[in-house]
Every structure is written in structure tokens, then in C-alpha cells.
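Spelled out from the first residue to the last, the chains are:
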Amino acid sequence: MSALPDPEYAAEFYTSVPAKRLLAWIIDGIIVFAICALIVLFTAFIAVFFWFALFFLVGFAYRVVTIANGSATLGMRFVGIELRTANGERFDGGLAALHTLGYTVSMAIPVLQVVSIVLMLTSARGQGLTDMFLGSAMINQRA
């Protein structure tokens, strides 16, 4: 049993969420890129030699910190969506880290990412693999 809004009776919580997730992902990617570019500048361009590791670490930390402090990244907040647990509660630090780990694994394995995207587009709550595993869902924020 879940305390998340029922997609049949409260469909407004899930309206356009997959498209908003895509836009939030693009915005978050730009933010992480900008943070990494600043780090490169402040390290006299030495960090450019570790760009992929830097992007991975900054992106992971960015997602964990922002999700733990508001149940959404800055991109998610911009488009008006947030993550909720199966109990309907906001994410804490532990769940933010688990969700980010699941996201990272699915991004590292293209087949999992494709499956996750298909699930987001076809499941009643628009849940990806990590969401289904954790029992969480992305919903529209209440106005």
C-alpha cells in the first residue's frame, strides 16, 4: 500500500511529469557543468585532466545535497516537481543518496537507462527503475 496520490483519482499530480523530468535533467546538467567549469578555473585548469571524475563527483554530490534539502534538485524545483517516498514524505539524506546511486547506476548502463525511460513514459505514476525499486515517485508540487 502506498500513500502516494492515486494516478486514477489524482491524475494532476502526475500530469506532464516525464517531460518535466527531462527539462529538469537538462537544467541540472547545465548547473553541474557550470560548477565543474568554475572548479577548473579555480584549479588553474588542472582539474580539466580529471573532467569526467570531477563531473561525476560534483553531479553526485549536487543531486544528494539538493534532494536531501528539498526533495528535488534545482532543476526539479524550477519545473515544479519533487520526489516523494511511498509514504508520501519528502526525501531525507539516506534516500537522496540511494536514489542518486540508483540514478548513477542506470546512467552508467545504457540498457537500464532505456528501460527506466520507457517505464517513466508508460507507468501510471511515471516511475523509473530507481523509483520503482525505492517505492518513490516524482509528482507535481502543490500550487
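Coordinates for the structure precede this section.
Residues numbered from 1 in each chain as written. Predicted model: local features only at pLDDT ≥ 70, side-chain atom pairs only at ≥ 80, totals over all residues. Heavy atoms only, no water.

> Tell me about the pattern of salt bridges, and please be specific about residues and values.
Counted under the stated rule, the structure contains 3 salt bridges. Notably, a salt bridge pairs Asp-131 with Arg-21, separated by 2.9 Å at the nearest N-O pair. You can see Asp-131 sitting in helix H6 (residues 129-134) and its partner Arg-21 sitting in helix H1 (residues 17-42), a full 110 residues away along the chain. In this structure, Glu-82 and Arg-90 form a salt bridge, with 3.3 Å as the shortest nitrogen-oxygen distance. Its relative accessible area of 4% is what places Glu-82 among the buried residues. According to the relative accessible area criterion, Arg-90 is partly exposed, its value standing at 47%. Residues participating in the shared-partner salt-bridge network are Glu-82, Arg-84 and Arg-90. (Salt bridge = Lys/Arg side-chain N within 4 Å of Asp/Glu carboxyl O. Helix = DSSP H or I, 4+ residues; strand = E, 2+ residues; numbered from the N terminus. Buried < 20%, exposed > 50% of the residue type's maximum accessible area, 1.4 Å probe, protein only.)

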